[in-house]
Amino acid sequence: MEEFSKKFVVGAKDTAKEIGSGDLEVLATPAMIAMVENTSKEYLHKELAPEETSVGTLIDAKHLRPSKVGAEIIVKVKVESQETSKINFSFTVFDGEQIVASGIHQRAVILTDVFLNKLALAK
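Residues numbered from 1 in each chain as written. Predicted model: local features only at pLDDT ≥ 70, side-chain atom pairs only at ≥ 80, totals over all residues. Heavy atoms only, no water.

### A few points about the nonpolar core
Right, so step 1: Grouped together as the largest cluster of nonpolar side chains are 25 residues, with contacts concentrated most on Leu27, Met32, Ile73, Val75, Phe89 and Val93.
Right, so step 2: Those elements giving two or more residues to this core turn out to be helix H2 (29-45), strand E3 (72-83), strand E4 (86-95) and strand E5 (98-111).
Right, so step 3: Looking at this core, the element that brings in the most residues is H2, giving seven residues.
Right, so step 4: Among all residues touching Met32, those that are not within four sequence positions of it are Leu27, Ala61, His63, Val93 and Ala101. (Core = buried A, V, L, I, M, F, W, Y, C linked by side-chain atoms within 4.5 Å. Buried < 20%, exposed > 50% of the residue type's maximum accessible area, 1.4 Å probe, protein only. Helix = DSSP H or I, 4+ residues; strand = E, 2+ residues; numbered from the N terminus. Contact = heavy atoms within 4.5 Å.)

Structure below.
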């Protein structure tokens, strides 16, 4: 299966202290998850029709070690399987040579207009 990677730099806005998920100035788990989702979305973007997008539906992550502000983070995603409109990824997050996190992520391919219309009707 194909692998795709993307680079991020941990900023002050990405810390647990800033986001509120913790008290320390280290990469917050929610920020790390956003990096994984963004990398997966970017990979799929080149595969989708203009009227399609993808949304995250599942994430199971193990955040194994801290990363400081300024750290260069590499997120690697790999497509493991596809079930109709659902794409299943495995991912590994690196800070240099160290594995920071790993897990699985699922995205669903949707028609943007249909999705937004359903949302508007739900009000």
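That covers the picture; the talk isn't over yet.
### Here we look at the pairing of E5
Right, so step 1: Pairing analysis gives 11 bridges linking strand E2 (residues 52-63) to E5, with the strands arranged antiparallel. Bridge pairing in E5 links Glu52 to Leu111.
Right, so step 2: Where E4 lies against E5, 10 bridges are found, and the strand directions are antiparallel. In the sheet register, Asn88 faces E5, and the bridge partner there is Gln106.
Right, so step 3: Between the antiparallel neighbours E4 and E5 lie two residues, among them Gly96 with a positive phi of about 65 degrees. (Pairing = 2+ DSSP bridges.)

### Things to note about a nonpolar patch on the surface
Right, so step 1: A cluster of nonpolar residues, Phe115, Leu116 and Leu119, forms a patch on the protein surface that exposes about 290 Å² of accessible area.
Right, so step 2: Accessibility expressed as a relative area gives 38% for Phe115, which makes it partly exposed. (Patch = residues over 30% accessible without salt bridge, like charges linked within 9 Å, V, L, I, M, F, W, Y side chains within 5 Å. Areas by Shrake-Rupley, 256 points an atom, 1.4 Å probe, with all protein chains shown as cover. Salt bridge = Lys/Arg side-chain N within 4 Å of Asp/Glu carboxyl O.)

### Brief notes about the side chain of Thr15
Right, so step 1: In this structure, Thr15 sits in the loop between strand E1 (3-9) and helix H1 (16-19).
Right, so step 2: The class of Thr15 is buried, set by a relative accessible area of 4%.
Right, so step 3: In contact with Thr15, other than residues within four places in its own chain, are Leu24, Glu25, Val26, Ala28 and Val69.

### So, the side chain of Asn88
Right, so step 1: Following the sequence through the fold, Asn88 ends up in strand E4.
Right, so step 2: Reaching out from Asn88, the side chain makes a polar contact with the side chain of Glu83 at a distance of 3.0 Å.
Right, so step 3: Among residues more than four places away in sequence, those in contact with Asn88 are Lys78, Val79, Glu80, Ser81, Glu83, His105 and Gln106. (Polar contact = N/O pair within 3.5 Å; in protein donor to acceptor, adjacent residues only side chain to side chain.)

### Some points on the packing of aromatic side chains
Right, so step 1: In this structure the tally under the stated criterion is two aromatic pairs.
Right, so step 2: Seen in terms of ring centroids, Phe4 and Tyr43 are 5.9 Å apart; in terms of plane orientation they differ by 50 degrees. Their pairing is tilted. Taken together, the residues Phe4 in strand E1 and Tyr43 in helix H2 connect sequence positions 39 residues apart.
Right, so step 3: You can call Phe4 partly exposed: its relative accessible area is 23%.
Right, so step 4: Exposure remark for Tyr43: the relative accessible area of 8% places this residue in the buried category.
Right, so step 5: Considering the side-chain rings of Tyr43 and Phe89, the 6.0 Å spacing of their centres and the 90 degrees angle between planes classify their relative orientation as edge-to-face. On the criterion of sequence distance, the pair formed by Tyr43 in helix H2 and Phe89 in strand E4 is long-range, its members being 46 residues apart. The two residues Tyr43 and Phe89 agree in class, both being buried.
Right, so step 6: Three or more aromatic residues link up through ring pairs in this structure, and these residues are Phe4, Tyr43 and Phe89. (Phe/Tyr/Trp six-rings, centres within 6.5 Å; stacked < 30°, edge-to-face > 60°.)

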